[in-house]
Amino acid sequence: MSTIRSQPAYVLHRQALETGQERIELLTPDLGRLHFRRKMDKHPMPLFQKLDVDFRGQGASHQMRSWVPSGPIHHLQEHRLYFGLYLNELITRLWPLQGNSVALFGLYSSTLTLISKQHQERAALRYFERTLLAELGFALEFKQSLDGRAIVPEGHYRHCVGTGFERSPVVPNAISGEHLIAIDRNEWHLAGALHHARGIFSREIDLHLEGQTLHTRTLLRQVMDRATGDLGAKT
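Residues numbered from 1 in each chain as written. Predicted model: local features only at pLDDT ≥ 70, side-chain atom pairs only at ≥ 80, totals over all residues. Heavy atoms only, no water.

A closer look at the pattern of salt bridges
In plain terms, the rule: We define a salt bridge as a side-chain nitrogen of Lys or Arg found within 4 Å of a carboxyl oxygen belonging to Asp or Glu. Helix and strand definitions follow DSSP, with helices as H or I runs of at least four residues and strands as E runs of at least two, each counted in order from the N terminus. For the exposure calls, accessible area comes from a 1.4 Å probe over protein chains only, and a residue counts as buried if that area is under 20% of its type's maximum, exposed if over 50%, partly exposed in between.
Here the structure, examined in full by the defined rule, presents 13 salt bridges. The partner of Arg126 in a salt bridge is Glu129, with the nearest N and O atoms 2.8 Å apart. With Arg126 and Glu129 both in helix H3 (residues 121–135), this residue pair falls three residues apart, about one helical turn. The exposure classification of Arg126 matches that of Glu129, with both residues buried. One salt bridge connects Arg130 with Asp184, and the closest N-O pair in it is separated by 2.7 Å. A residue pair is termed long-range when its members are at least 10 positions apart, and Arg130 in helix H3 and Asp184 in helix H4 (residues 177–184) qualify at 54 residues. Taking the relative accessible area as the measure of exposure, Asp184 reaches 17% and is therefore buried.

This is the structure we're talking about:
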């Protein structure tokens, strides 16, 4: 049985079991996403804090030996808490077990910092979604349309889920080339860029969820409805 010490990790999910144990799911840079069981105690492993873990095991199941905090905890409150849980659920639903996660680990860490800051959280979520899709091998092409021509600011395009963008007449669901270029460049100051990016990446994620429901979307919608009266959660 192999032993791995001082592996950096973030807790993605905790689940209490009837045996007096809990099932923990972690994200690590070298071993990717993995899970193990540990005896529940009065010191739960925290979410949204970088840890150093010492655990034993092989394959997809591991046993915890010890853990210590190795970074500051991100105290996400109100809707930002649900943003953090949304990141965790995306990873647990889409990222394969034990897949190399060096880039994703760094992305997750930086996104936690950004979503804790006012006025940066929604742009950070969109960038996370786009980069996660790219790391999974599902990158979208924002520089040219499906016919091979460059996307231009004055053009209008239709999002073809799973394939890219095709030229379109000016219809209600069309996306301007100006907005696609802004999304590609992460230039979120353009009015409407975040709105269109949310729709594009949500549809792409839904395709790869293959019918699974993201529970954090529902919870966030309820929280935002209570807070603003808006019928759509602006994740």
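Still more to cover.
Quick word on helix H2 (residues 102–115)
Our working definition: One less than the number of residues in a helix, times 1.5 Å, gives the span that helix is expected to have. Along the arc lie the directions from the helix axis toward the C-beta atoms.
In this model, H2 (14 residues) spans 20 Å end to end at C-alpha, consistent with the 20 Å of a helix rising 1.5 Å per residue. Within the sequence span of H2, burial applies to Leu104, Phe105, Leu107, Tyr108, Thr111, Leu112 and Ile115. Here the buried residues of H2 occupy an arc of 165° about the axis, which is enough to place them on one side.

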